[in-house]
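Here is what each chain is made of, one letter per residue.
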There are 2 protein chains.
Amino acid sequence: MSSAIPRIAVDAMGSDLGPEEVVAGVRAALKEDRSAMEIIVVGNEEVLTPLVVKYSLMRDRRVKVYHAGEVIEMSEKPIQAIKTKKDASMLRAIEMVKIGMADATLSCGNTGALMAAGTLKLRPMNGIERPALGSIIPGKKKNFIMIDVGASPDPKPDSLLDNGILGANYARVALGVKNPRVGLLCNGTEDGKGNVLTQRAHKLFKENDLLLNYGGLLEGFNIFDGDFDVVVCDGFTGNVVLKSMEGAVVLLKDLIKEEVKRNFIRMLGMWIAKGTFKSLKKRLPVEKFAGAPLLGLNGLVVKAHGGSNRKQIAGALQIAIRCLRMDMNRRISEDIEKVRQVKAE
Amino acid sequence: MSSAIPRIAVDAMGSDLGPEEVVAGVRAALKEDRSAMEIIVVGNEEVLTPLVVKYSLMRDRRVKVYHAGEVIEMSEKPIQAIKTKKDASMLRAIEMVKIGMADATLSCGNTGALMAAGTLKLRPMNGIERPALGSIIPGKKKNFIMIDVGASPDPKPDSLLDNGILGANYARVALGVKNPRVGLLCNGTEDGKGNVLTQRAHKLFKENDLLLNYGGLLEGFNIFDGDFDVVVCDGFTGNVVLKSMEGAVVLLKDLIKEEVKRNFIRMLGMWIAKGTFKSLKKRLPVEKFAGAPLLGLNGLVVKAHGGSNRKQIAGALQIAIRCLRMDMNRRISEDIEKVRQVKAE
C-alpha cells in the first residue's frame, strides 16, 4: 500500500474557503517538512495553476497539479453526487489511491460523499464492515482519540470492537502511545448501564481483551481525565458529542468575552492576564487536530473540516504523512487479521 | 393528582453528602418561598429529628418527618434494591405520591432505582411507554430543556415524539415559554442524516407538527444558540452529551486556573478582572437547574444530582413546586391524549 515516499492527492476544490486556502495549506505543510514527499493538487487546472504560481510552488518538485473538471458541493446528496459527477476532484483524488498513483487522499469536501466514495472505491479492509472517523481531542494531561465521530451512525457491536482496534492503531501513530488504553463511552460505568449496542460491545471487548488494552466503560465526565487514549463510540453519538463539546466551549468563550467587554476594569485585568489565553491556545493546538482519517479502508482517506484554514490544512496533511510513514494501514490489517482468527477459532 | 397546597416527599437518605445537606436544602427552599406547602422529610427518624431541630424546622408547620428504616445505596443494583429494601426512604417517598399523601417526590439517590421504582409504582401515563428525564441547560441568550438525559437508553421513535411533548410542557412550566420550539438532536441537519431512530422520529415529528412547534433537526454546534427551547434525544445520547459538555467546561476552567497560577502578573490581571467570573456565575446559575423531573409518570418524581449541595437541593425543590403549582402533569396528559386521538384516526 505505501511506497517509500509518501504521495498525497489533495482535493483542492471542496473547501468552504475556496481552493486558495488549500494551496496555501499545502505550502505551509511543505515549508514545515522539507523531506521527500509528493503532493498532487487535484482540481480545475485553470484555477489551480495560478495559485500554485502565486504560492511559489511551481518549482517545488514535490508538487504536481492534476486536472479534474467537476466539484462536489457541500449541499449535494452524497450518493447522487458521486454517481453523476464522475470527474469530481474528490473522486479523482480517491481513484489515485485506488490505482496506486497516490498513497492517501486529503479532502475538506462533503463528508458524506467522501465516506461514500472512499468506501465504494477503496472498499473496507478484509474483516471490517464499515470505516470509522477517528479524531484527536485535546485532554487535560494528554490528547486522546475519539472514534467514530461520524462515519457510521448505526454500527453493529462488532464494528465498535473494530473501532477499538482502528483507534488504538491511530493512537500509536498520531499520539505516539505504545499500548493505548481503550474505553467505551457509556451513560454510566456500572455493569448493566448502556444501550443494547454498548452492552453487547462491552461484552465483545472483554472477550477480546488479549488483542487490545481494554479499560472498560467511561462516562462523559471523565472523557478528558487522561485515563483513556481511545474513546470508542458509534458515529452518531461521537458526532453529536464532539459538536456539543465544541458548542459548550464556544458558549463559555463568548460569555467570557461579553462579560469582559462590559467595563473597562475587566478589560484592563484581562489585558494584564492575556498570557493565560496565549498559553491556553498553545496547550489546545486545534489546528493540528483538524484532520480525521477515515480508518479501515484499503487506502488512507483524511477528512479535514469544510472550513479549515491553511494552518488546519497543513495539520491535516501532517497527520496523513505521519500515518503513511508509520505504515499504519499495514498494522491495522495485521491486527484485524488476528481478530478474525480469534473469531474463527 | 395535585392538591391546592403542594406536598413534596423528600428522600433525605440517598444523598452523597448525607442527610444533613438535604435538610439544609429543605430549609433554604422554605426560607426563600414563604407560601403554603408541605415538605415530608423521609428517612431514619433518629437521624432526621436532630437535624430538623438543628435547622430550626421543628416549629415550621410546613415540615414533617416520616420514618423509613432502610436506604438504597448508590452502588446497589436498581431492581434488586427495590425488591429487597421495602422500607427504603426512596420507595416510601414514591409510595406517598402513589397513595395521595404527597404530590411529588424529590430524591438525590440512585438514579436507576429511582427510575425503576417511579415507573413500577406510579406507572407511565396512558399513552406513554417510558418516562424521560428533562434537564434545564443554560444557553447563550436563553435556557433550554434537554430531554431525555438518561431515563431510556433505547427508546422507540414514538418515545422521542413523547419526549417532545413532555419537554414542551416542562419548558412552559420551567422556562415560561408559551410555544416552545422543539428540535431533534442529530449528526447533521440535511435530510438523510441521523441514525435510524432519529430518522424515524423526525418523520413522526413532521407528521404531528400540529400538536407541537417542531423546528426540525439540530446539531451539537447549535445547541446553545437559542433557536430551540426543547432539544429531544434518546436517553443514552442525552446522558453522554450532557456529561461530556460538563467535562469540556470543567477542562477549560481547570486549564485557565492552571495557566493563571503560573505567574504573578496573570494572577493580578485575573484579580482585577474577577467581576467577569462573578457575572458569569450569575448568568449560569447551575444550582437552580439541579433538579431533573422524570416526566411522563402518574405523579411527579424529581431527581437531583447525587452530590447536590443545599443550594441545589433548594433549586430542585423549587422546580418540583413550580411543576405542581402549574399543574404540569394534567397538561401533559391532555397533550398525550390528543396525540393518541390523532394516531387512532
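Reference entry: report on the structure contained in this document. (Residues numbered from 1 in each chain as written. Chains lettered and ligands numbered in written order. Predicted model: local features only at pLDDT ≥ 70, side-chain atom pairs only at ≥ 80, totals over all residues. Heavy atoms only, no water.)

1. Things to note about the pattern of salt bridges
Working step 1: If you walk through the whole model with that rule in mind, you get 46 salt bridges over all chains.
Working step 2: The partner of Lys338 of chain A in a salt bridge is Asp335 of chain A, with the nearest N and O atoms 3.6 Å apart. Remark: Asp335 of chain A and Lys338 of chain A occur in helix H12 (residues 328–344); sequence separation between them is 3 residues, near one turn of the helix.
Working step 3: Arg92 of chain B is paired through a salt bridge with Glu95 of chain B; the nearest N and O atoms lie 3.0 Å apart. Linking Arg92 of chain B with Glu95 of chain B, this pair stays in helix H4 (residues 89–98), spanning 3 residues, or about one helical turn. (Salt bridge = Lys/Arg side-chain N within 4 Å of Asp/Glu carboxyl O. Helix = DSSP H or I, 4+ residues; strand = E, 2+ residues; numbered from the N terminus.)

2. A few points about the nonpolar core
Working step 1: One finds Ile8 and Phe205 of chain A together with Ile8 and Phe205 of chain B to be the most contacted residues of the largest nonpolar core, which totals 238 residues.
Working step 2: In contact with Ile8 of chain B, not counting residues within four places along its chain, are Glu38, Ile39, Ile40, Ala104, Leu106, Leu317, Ala320, Ile321 and Leu324 of chain B. (Core = buried A, V, L, I, M, F, W, Y, C linked by side-chain atoms within 4.5 Å. Buried < 20%, exposed > 50% of the residue type's maximum accessible area, 1.4 Å probe, protein only. Contact = heavy atoms within 4.5 Å.)

3. Brief notes about the sheet that holds strand S2 (residues 38–43) of chain A
All names here are of chain A.
Working step 1: In space, the 11 strands of this open sheet follow the order S3-S2-S1-S4-S11-S10-S5-S6-S9-S7-S8, with mixed pairing throughout. On the outer flanks of this sheet lie strand S3 (63–67) and strand S8 (213–218), each paired with one strand and no other. The mean inter-strand angle of the sheet, taken between neighbouring strand axes irrespective of direction, is 25 degrees.
Working step 2: Of the strand pairs in this sheet, strand S5 (residues 132–137) and strand S10 (residues 291–295) are connected by 2 bridges, and their pairing is antiparallel. Within S10, the position partnered with Leu133 by the bridge is Leu294. (Pairing = 2+ DSSP bridges. Axes fitted to C-alpha atoms, helices over the stretch in contact; angles between N-to-C directions.)

4. So, the interface of chain A and chain B
Working step 1: Each partner contributes to the interface: chain A provides 51 residues, whereas chain B provides 51 residues.
Working step 2: Roughly 5,100 Å² is buried in total at the junction of chain A and chain B, and carbon and sulfur atoms are behind 71% of that figure.
Working step 3: Put simply, chain A and chain B have 8 salt bridges between them.
Working step 4: Linking chain A with chain B are 20 residue pairs in polar contact (both at pLDDT 80 or more). (Buried area = accessible area lost by both parts, 1.4 Å probe. Polar contact = N/O pair within 3.5 Å; in protein donor to acceptor, adjacent residues only side chain to side chain.)

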